[in-house]
Structure formats: C-alpha cells, structure tokens
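This is what each chain is made of:
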Amino acid sequence: MVQPKSAFWQNVVDAAQQHPQVDGLEKLPFFTLAPMEAVTDTVFRRVVAKAAAPDAFYTEFTNARSISHPKAKFTVQGRLSFDPSEQIPVAQLWGDRPIDFELGVADVKNRGFEAVDINMGCPDSTVIKNGAGSGLIKEPDKAAELIAAAKTGGLPISVKTRLGFNKLDTFREWIPFLLRQDIQVLTIHLRTRKEMSKVPAHFELIDEILQMRDEIAPDTLIQINGDIKDRAQGLAIAKEHPGLDGIMIGRGIFESPFAFEDTATEHTLDDSLDLLRYQLDLHDEFEAEFGPTNFQKLKRFFKIYVRGFSYASDLRVALMETKTTDEVRNILDEFDQQWAAKQAELAEQHQND
Ligand SMILES: Cc1cc2nc3c(=O)[nH]c(=O)nc-3n(C[C@H](O)[C@H](O)[C@H](O)COP(=O)(O)O)c2cc1C
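Residues numbered from 1 in each chain as written. Predicted model: local features only at pLDDT ≥ 70, side-chain atom pairs only at ≥ 80, totals over all residues.

To keep things clear, this is the line we draw: UniProt positions are given in the numbering used here, feature names are shortened, and annotations may be inferred rather than shown by experiment.
The name an unreviewed UniProt entry assigns to the chain is tRNA-dihydrouridine synthase, from the organism Weissella viridescens. UniProt, in the comment section headed Sequence similarities (unreviewed entry), describes the chain in these words: "Belongs to the dus family." The annotation that UniProt attaches to the chain under Cofactor (unreviewed entry) is "FMN".

### Digging into the packing of helix α8 (residues 171-179) against helix α9 (residues 206-216)
Formally: Axis lines are fitted through C-alpha atoms, for helices just across the contact stretch, and the angle between N-to-C directions can take any value from 0 to 180 degrees. Secondary structure is summarised from DSSP: a helix means a run of H or I of at least four residues, a strand means a run of E of at least two, and numbering begins at the N terminus for each. By convention the crossing between two helices is left-handed if the near helix lies anticlockwise of the far one by an angle smaller than a right angle, and right-handed if it lies clockwise. The contact criterion used here is simple: two residues whose C-beta atoms, placed from the backbone, lie within 7 Å are in contact. Classes in brief: Ala, Val, Leu, Ile, Met, Phe, Trp, Tyr, Cys and Pro nonpolar; Asp, Glu, Lys and Arg charged; the others, Gly included, polar.
Look at α8 against α9: their axes get within 10 Å of each other, and the N-to-C directions meet at 35 degrees. Both α8 and α9 take part in a crossing whose hand is right-handed. Seen from α8, the contacting residues are Ile175, Pro176 and Leu179; seen from α9, they are Ile209, Met212, Arg213 and Ile216. Looking at the contact of α8 with α9, its residues break down into six nonpolar, no polar and one charged.

### A closer look at the UniProt feature "active site" (unreviewed entry) in the chain
To keep things clear, this is the line we draw: Remark: C-beta atoms are placed from the backbone, and a residue is labelled buried if 20 or more other C-beta atoms sit within 10 Å of its own, exposed if 12 or fewer do, or partly exposed between those counts.
Residues annotated by UniProt as "active site" (unreviewed entry) correspond here to Cys122. Structurally, Cys122 is set in the loop between β5 (116-120) and α6 (125-129). Judged by local crowding, Cys122 falls into the buried class, with 24 C-beta atoms found within 10 Å. Filtering out sequence-adjacent residues up to four positions away, Cys122 remains in contact with Phe61, Trp94, Val127, Gly133 and Ser134.

### Quick notes on helix α16 (residues 325-352)
Put simply, the rule is: To estimate how far a helix should extend, the number of its residues minus one is multiplied by 1.5 Å.
Helix length check: α16, at 28 residues, gives a terminal C-alpha distance of 41 Å against a target of 40 Å (1.5 Å per residue), a fit within 8%. Little of α16 sits out of view: just one of its 28 residues are buried.

### Details of the UniProt feature "binding site: FMN" (unreviewed entry) in the chain
In the numbering used here, UniProt assigns the "binding site: FMN" (unreviewed entry) feature to Gln92, Lys160, His189, Gly250 and Arg251. Examined against the element boundaries, His189 turns out to sit in strand β7 (residues 185-192). Taking the C-beta count within 10 Å as the criterion, His189 has 26 such neighbours and is therefore assigned buried. With residues up to four places along the chain from it excluded, the contact list for His189 reads Gly121, Arg162, Asn225 and Gly226. Within the element layout of this structure, Gly250 appears in the loop between β9 (246-249) and α11 (252-255). Setting aside anything within four residues of it in sequence, one finds Gly250 in contact with Ala34, Met36 and Asn225.

### So, the sheet that holds strand β2 (residues 56-57)
Which entries qualify depends on this criterion: By the convention used here, strands pair only if DSSP detects at least 2 bridges between them.
Strand order across the open sheet formed by nine strands is β2-β1-β9-β8-β7-β6-β5-β4-β3, with parallel pairing between neighbours. Edge positions in the open sheet fall to β2 and β3 (62-63), since each of these has one partner strand only. Summarising the sheet, strand β4 (residues 91-94) and β5 pair through three bridges and their orientation is parallel. When the sheet's bridge partners are listed, Leu93 is paired in β5 with Ile118.

This is the structure:
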C-alpha cells in the first residue's frame, strides 16, 4: 500500500477511509474537485463543501509569477483566499521560471496552504506560449527544474498533467519521467493535449500507469481524471484498477453539485435553489472583501442549479437577464411563489379528479 510522503496527503488518504466501506475495495480512493479556472474559487468550493464535500479541493490555477508581482498581488489575494470549511485546498500554480515557483510556494505557505500542485496539463495556447502548462510535456528538463525549485518552498509538491502533447505514446516516457522526480501525487488527465476533451478518457491505460508507479516511485499517489461524473462512477473505476489512490472530478460538478455524496440521492428543487442562494451570499461576501468581480462569471453557474424540472429553462432565461445578486434573489423569490401556487393548483385538481 502506498505510504503518502506528507501529513497533508496522509490526511487526505485517511479522510477517504471515513466514507462507508465498499465491497471489493480494501482501501477507498480519495476524491477531489478538479482545479477549474473561473469556477473553483473559494465561493464555489464552499458551495460544493455544503452540498457534499470531496476529500480535498484544488484552487483554480494561479500564475506563479503573479504571486509576488506588485501589480497582480491584489487579484491574487482573492484567487488564493480560502475558508476553513474547505479543509485547506491544494494551491495549483502554473509558470515556467524556477524562481517563480521558489517564491510562489513560500508565499502560499505563508497564506496557510499546506500543499502545492504544478499545472503541466493546461492546453490553453497562451499558457503554452509562455512555456508552461502542457507545453512542459515537450520540455521535460524544464519541468524537472520547476519541480525542484518548487520543493525548496517547503511544501509537498504534486503535478497534474496529461498523457502527452500530440502523441498518446508519449506517456510511456513522460509519466516515468515525472515519477522519477519524487513528487507526492501525480494526477493524470487521461488524454493528450491534442485530444483536448474531444475523445473519451483513456481508462484502458490506468493499469499500465499503476505498474510504472509501482516500479519507479512506489510512494507516489496516483490520481486519475477525465470523464468521471460522480463518486459512484469513480468507485466503479477504482474497483477495476486496484492500487488507484485518487479520483479527480471536474465537469461532473456541473451535472450535479452533489457529485461527491456517498449515496446518490434525489434532490429537490429547493435543495438546488438553496445552494444557489448560498452561492449568491458568498459571492457578495467575497466582493465586500476583495472588490467587484465580473457578474457574467456568476451566470455560468445558474444552469448547475436550475435544471431537470418543468419551467427550468424559463427560469434560466430570466436569471440570465439579471445584473446583480439582488435581482437574482428577487427572481428566485417570485419563482418560489409561482411554483407554490402551481403546486397548490395541481393538488386541488388532483383532489377533484
Ligand atoms: C472551465 C474549466 C477550467 C479548468 N481550469 C483548470 C485549471 O485551472 N487547472 C487545471 O489543472 N485544469 C483545469 N481544467 C481541467 C480540469 O481540471 C480537468 O482536468 C478536465 O476538465 C477533465 O476532467 P473532467 O472530465 O472531470 O472535467 C479546467 C477545466 C474546465 C472545464
């Protein structure tokens, strides 16, 4: 059994064992919410924590250079803020200069973070042009330097990457290379950069990857990512691939904010709209502390909560017209009243049937 190299990751592994036991699994994998730019900020992470918390969260990626840059410091403050209910997320950083990782890790440590993840998978062309993200797959020596520099900051370092840049076969060199860098966790989005998210994740390669880990770095935790919607699906995959340590879920959270719950249950419309209201309150709190944010960003969340019931699309359309959180609240209140009246009308009709 893999022995995590740090107290932080040991805690995550231990937290995973607190969930109900599952037949056929000697050790439960840990579940994490994927880092997602403009999505998994402290506000949304707290909403997910309230709905059904994963065993660990990640921040959205932060440019390692911006952390100590005088002009960017303020925006970074909001990006790197977190609340105790998130059990201290892993801070994900991206960049291409060792010095930025050296200083960046030391800085996030001062902010209270206990683990750092390096982004080596982002397919975005601007990030790649900067010599970072998935571009590092083509520059393994630089990747190794960045990891070494990050380690000097005094926190456990992990890496999140893809299988290759253009060719799938690259994983046979790239993954062993990363495993030789003595990292705590290796998270693999099971696609190449070229494949973006257009083809199904390569679950067929999991066992080969686990074998590489067992041979090269038996104490590095392996977490897989890509197309896993919820805990039930993650557990089914873990059963098929003994030795898998972690499961990371990204877009599954858009299909259900309850993706991490132990037993999938039917949630009422009220449950969903309560989460939306909670997000609005946290959003206002965040703005009070860190200044205005782009309201458009909030709109992408509406469809997470408003789906799967009659009138959902009407409500969504109305919400998309809003410009403030109070306008959203007013529409939700009006909707509640209309919904209650409709239910009463239906109940009456039913009695008269
Ligand atoms: C909107 C969005 C933003 C993302 N931002 C990041 C990021 O900041 N860092 C990162 O490592 N991956 C990022 N990703 C990739 C996800 O973490 C994950 O690897 C990918 O969505 C595949 O997993 P999934 O199928 O569970 O969504 C992002 C994905 C999406 C959809």
